[in-house]
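# Commentary on secondary and tertiary structure
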Amino acid sequence: MTAEPSRSAGRMRASDADREAVVEQLREAAAEGRIDLGELDERLGLALTAKTHAELAPLTDDLGPVVLESGEPLTLKGGIHGARRTGRWQVPPRILAYGGMGGVLLDFTQAECRLREIDVEVDAQMAGVVFVVPEGWKADTDALDLGFGGLKDKTTGERLPGTPVLRITGSCGAGGVVVRHPNLRERRRRRKELSR
C-alpha cells in the first residue's frame, strides 16, 4: 500500500495528533478484524512517517467511519454558567445546543467520532455557541438562521477524506455561532498534555 497525496489536501502538514488519531483508528480496525496484523504493521509504518494529511488519508479511507445508533441526542444548555463538552468524549449523531446567558462550547479536537455527519441544532440565545473542530473537518451552515449574532466560520473550509461534516441548523440568536480550529493557547495546552 502506498499513500499518494491528493491535490486538494496535498500541502496541509500533519501534526502529531493527526498521526496519533490515524494510528488509533488502525489499531481499532485490527482489533475488529477489518485488517490483519501484516497490513496493520504496514499502515502503522506509513502513518508514523506521514508528513501531510494527504499521506494519512489513504491509510483509513477504506475503513470508513462507523455510523453509531441514533439514540437520544446530547443536549447542552448554557444557562447562567455555561456548558462545555471538551477533552475525550464520544460524539453522538445528534446534538442540541442552547446558549442561554453562559454560552456553550463544543470542542471536538480530542473527541472520538466515527460518524460521517453530525447534526447539530443550535439556539445560540444571548451568549452563543462555539465549535472547536480539528483541521480538515467541515461545517455546513447553509440552513442556519443568522439572527442578530451572526456566524463566524474561521475554519479552512477544506474537508479531508474520512472526516465528518457538522450540519449546523437552528438560530444564531443574539450571541452568534463561531466555528474555528484550536487557537494557539489550546494547541500549546494539548502539546503539554501529550508530553506528560
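The structure under discussion appears in the preceding block.
Quick look at the structure, then. This is a predicted model, so every value here is computed, not measured.

Below, the discussion takes up unusual backbone geometry. Phi at Gln125 is positive, roughly 55 degrees, even though this residue is not glycine. On the secondary structure map, Gln125 appears in the loop between β5 (117-123) and β6 (129-132).

So, about the side chain of Arg180. Assignment of secondary structure puts Arg180 in strand β11 (residues 177-180). For Arg180, a relative accessible area of 17% puts it in the buried group. Here Glu186 takes part through its side chain, which lies 2.8 Å from a polar atom of the side chain of Arg180. Dropping the residues within four chain positions of it, Arg180 is found in contact with Val130, Phe131, Val132, Val133, Lys154, Thr155 and Glu186.

On to the environment of Ala50, then. Its place among the elements puts Ala50 in the loop between α2 (37-49) and α3 (53-60). For Ala50, a relative accessible area of 3% puts it in the buried group. C-alpha separation for the pair Ala50 and Asp16, spaced 34 residues apart in sequence, amounts to 9.8 Å. Excluding residues within four positions of it along the chain, Ala50 makes contact with Arg19, Glu55 and Leu56.

The rules behind each value
- Residues numbered from 1 in each chain as written.
- Predicted model: local features only at pLDDT ≥ 70, side-chain atom pairs only at ≥ 80, totals over all residues.
- Heavy atoms only, no water.
- Helix = DSSP H or I, 4+ residues; strand = E, 2+ residues; numbered from the N terminus.
- Buried < 20%, exposed > 50% of the residue type's maximum accessible area, 1.4 Å probe, protein only.
- Polar contact = N/O pair within 3.5 Å; in protein donor to acceptor, adjacent residues only side chain to side chain.
- Contact = heavy atoms within 4.5 Å.

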